[in-house]
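Close look at the chain arrangement
Chain by chain, the residues:
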Amino acid sequence: MSAKEFPKNELISVIIPCYNEAQNIGQTLKEIYDYLDEFVPNYEVIVVVEKSTDNTLEVINSRKNQKTIVLENTKNMARDIV
């Protein structure tokens, strides 16, 4: 796949929900950024943190780039649905 396949005017949004992902989210973001930077001209990454009890939010904030939006839920929304 090449950048020619993605229209330059179109915004591609990647949404990542996470809960207690401190051990994984740094590598996940790196791989997503590596791909998007190479192939997608216009993108945003939206990371939704579900009231994690580990340091997921801190890892995200230390690894995010300028195209990343971080949303933090004050409670675990997935657990409240059940």
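Summarised in this report is the structure supplied together with it. (Residues numbered from 1 in each chain as written. Predicted model: local features only at pLDDT ≥ 70, side-chain atom pairs only at ≥ 80, totals over all residues. Heavy atoms only, no water.)

1. What to know about the sheet that holds strand 3 (residues 68-73)
Strand order across the open sheet formed by three strands is 1-2-3, with parallel pairing between neighbours. Where the open sheet ends on each side, the last strands, each with one partner, are strand 1 (12-18) and strand 3. For this sheet the average axis-to-axis angle between neighbouring strands, irrespective of direction, equals 15°. Summarising the sheet, strand 2 (residues 43-50) and strand 3 pair through six bridges and their orientation is parallel. Following the sheet pairing, Val 48 is matched in strand 3 by Leu 71. Across the sheet, helix 1 (residues 25-39) lies against strand 1, strand 2 and strand 3, angled at about 165° from strand 2, the strand it touches most. (Pairing = 2+ DSSP bridges. Helix = DSSP H or I, 4+ residues; strand = E, 2+ residues; numbered from the N terminus. Axes fitted to C-alpha atoms, helices over the stretch in contact; angles between N-to-C directions. Contact = heavy atoms within 4.5 Å.)

2. As for helix 2 (residues 56-63)
Restricting attention to buried positions, one finds in helix 2 the residues Thr 56, Val 59 and Ile 60. Within helix 2, the buried residues cover an arc of 100° as seen down the axis, which keeps them to one side. On its buried side, helix 2 packs onto strand 1, helix 1, strand 2 and strand 3. (Buried < 20%, exposed > 50% of the residue type's maximum accessible area, 1.4 Å probe, protein only. Arc of directions from axis to C-beta.)

3. Considerations on the pattern of salt bridges
Within this structure, the stated rule accounts for one salt bridge. Between Lys 30 and Asp 34 there is a salt bridge, and its shortest N-O distance comes to 2.7 Å. Separated by four residues within a single helix, Lys 30 and Asp 34 lie in helix 1, roughly one turn from each other. (Salt bridge = Lys/Arg side-chain N within 4 Å of Asp/Glu carboxyl O.)

4. Some remarks on the packing of helix 1 against helix 2
At a closest axis distance of 9 Å, the pairing of helix 1 and helix 2 adopts a crossing angle of 30°. Between helix 1 and helix 2, the angle falls in the class roughly parallel. Relative to helix 2, the crossing made by helix 1 is right-handed. Listed contacts from helix 2 to Ile 25, Gly 26, Gln 27, Leu 29 and Tyr 33 of helix 1 are Thr 56, Val 59, Ile 60 and Arg 63. (Parallel < 35°, antiparallel > 145°, perpendicular 65-115°, else oblique. Left-handed = near helix turned anticlockwise from the far one by under 90°.)

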